[in-house]
Amino acid sequence: QVRLLESGGGLVQAGGSLSLSCATSGSIFSVNAMGWYRQAPGKQRELVATISSAGSTNYADSVKGRFTSSRGNAKNTVYLQMNSLKPEDTALYYCNAGVRLTAWSRLDDYWGQGTQVTVSS
């Protein structure tokens, strides 16, 4: 069973920083791209950042220059360093991973349970 476990959310004042991490576990052949999405109350889930297995990153315009995503050495962990946080960054942050269970499996999307980030003004 594949699991994605996020950690690192919390409450911070505007202008502060938080770091999120997400680790995959289970019987996995490979992890492809990983990413972070967020969903604020009453809004749709939106992309925050993605990072390929080779380390190429893509960011939402709203977080460019403030957030940085990176992969762990084992490639099955992803991090999100969030600086200069704003109240509008408040949301439930979800980790996403494209996972192949065996060498012949299709690539399937897996999601974590989410970690809350709250930025006070």
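Our structure's up above, just so we're on the same page.
Note that the structure is predicted; figures quoted are calculated from it, not measured.

A. Structural view of the pairing of strand 3 (residues 18–25). As defined by bridge partners, strand 1 (residues 3–7) adjoins strand 3 across five bridges and the pair is classed as antiparallel. Residue pairing across strands places Arg 3 opposite Ser 25, the latter belonging to strand 3. Two strands pair when backbone bridges link them, and strand 3 and strand 8 (residues 77–82) are joined in this way by six bridges, in the antiparallel orientation. Within strand 8, the position partnered with Leu 18 by the bridge is Met 82.

B. Structural view of the sheet that holds strand 7 (residues 67–71). Ordered in space as 1-3-8-7, the four strands form an open sheet in which the pairing is antiparallel. Among the strands making up the open sheet, the edge pair consists of strand 1 and strand 7. Across the sheet, the mean angle from the axis of one strand to that of its neighbour is 15°, orientation sign disregarded.

C. Seen up close, the environment of Leu 47. Structurally, the position occupied by Leu 47 is in strand 5 (residues 46–51). Spatially, the C-alpha atom of Leu 47 lies 7.9 Å from that of Gly 35, the residues being 12 residues apart in sequence.

D. Representation of the side chain of Arg 66 in the model. Summarising the element assignment, Arg 66 is placed in the loop between strand 6 (57–59) and strand 7. In this structure Arg 66 comes out as buried when scored by relative accessible area, which is 10%.

E. Inspection of the pattern of salt bridges at higher detail. Applying the stated criterion to the full structure yields five salt bridges. Between Asp 89 and Arg 38 there is a salt bridge, and its shortest N-O distance comes to 3.0 Å. Of the two residues, Asp 89 is situated in the loop between strand 8 and strand 9 (91–100) and Arg 38 in strand 4 (residues 30–39); the sequence distance between them amounts to 51 residues. On the basis of relative accessible area, Arg 38 is assigned to the buried category, the value being 5%. In this structure, the salt-bridge partner of Asp 61 is Lys 64, at a minimum N-O distance of 3.1 Å. Bridged by salt links that share partners, the residues Arg 38, Glu 46, Arg 66 and Asp 89 form one connected network.

F. The pairing of strand 9, seen in detail. Of all 10 residues in strand 9, eight are buried; the element is thus mostly enclosed. With three bridges joining them, strand 9 and strand 11 (residues 115–120) adopt antiparallel strand pairing. Pairing of Tyr 93 across the sheet is with Thr 115, part of strand 11. In this structure, strand 9 lies alongside strand 10 (residues 108–111), joined through four bridges in antiparallel fashion. Bridge pairing in strand 10 links Ala 97 to Tyr 110.

G. Structural detail: unusual backbone geometry. Phi is positive for Ser 84, close to 50°, though the residue is something other than glycine. Its location among the elements puts Ser 84 in the loop between strand 8 and strand 9.

The rules behind the values
- Residues numbered from 1 in each chain as written.
- Predicted model: local features only at pLDDT ≥ 70, side-chain atom pairs only at ≥ 80, totals over all residues.
- Heavy atoms only, no water.
- Pairing = 2+ DSSP bridges.
- Helix = DSSP H or I, 4+ residues; strand = E, 2+ residues; numbered from the N terminus.
- Axes fitted to C-alpha atoms, helices over the stretch in contact; angles between N-to-C directions.
- Buried < 20%, exposed > 50% of the residue type's maximum accessible area, 1.4 Å probe, protein only.
- Salt bridge = Lys/Arg side-chain N within 4 Å of Asp/Glu carboxyl O.

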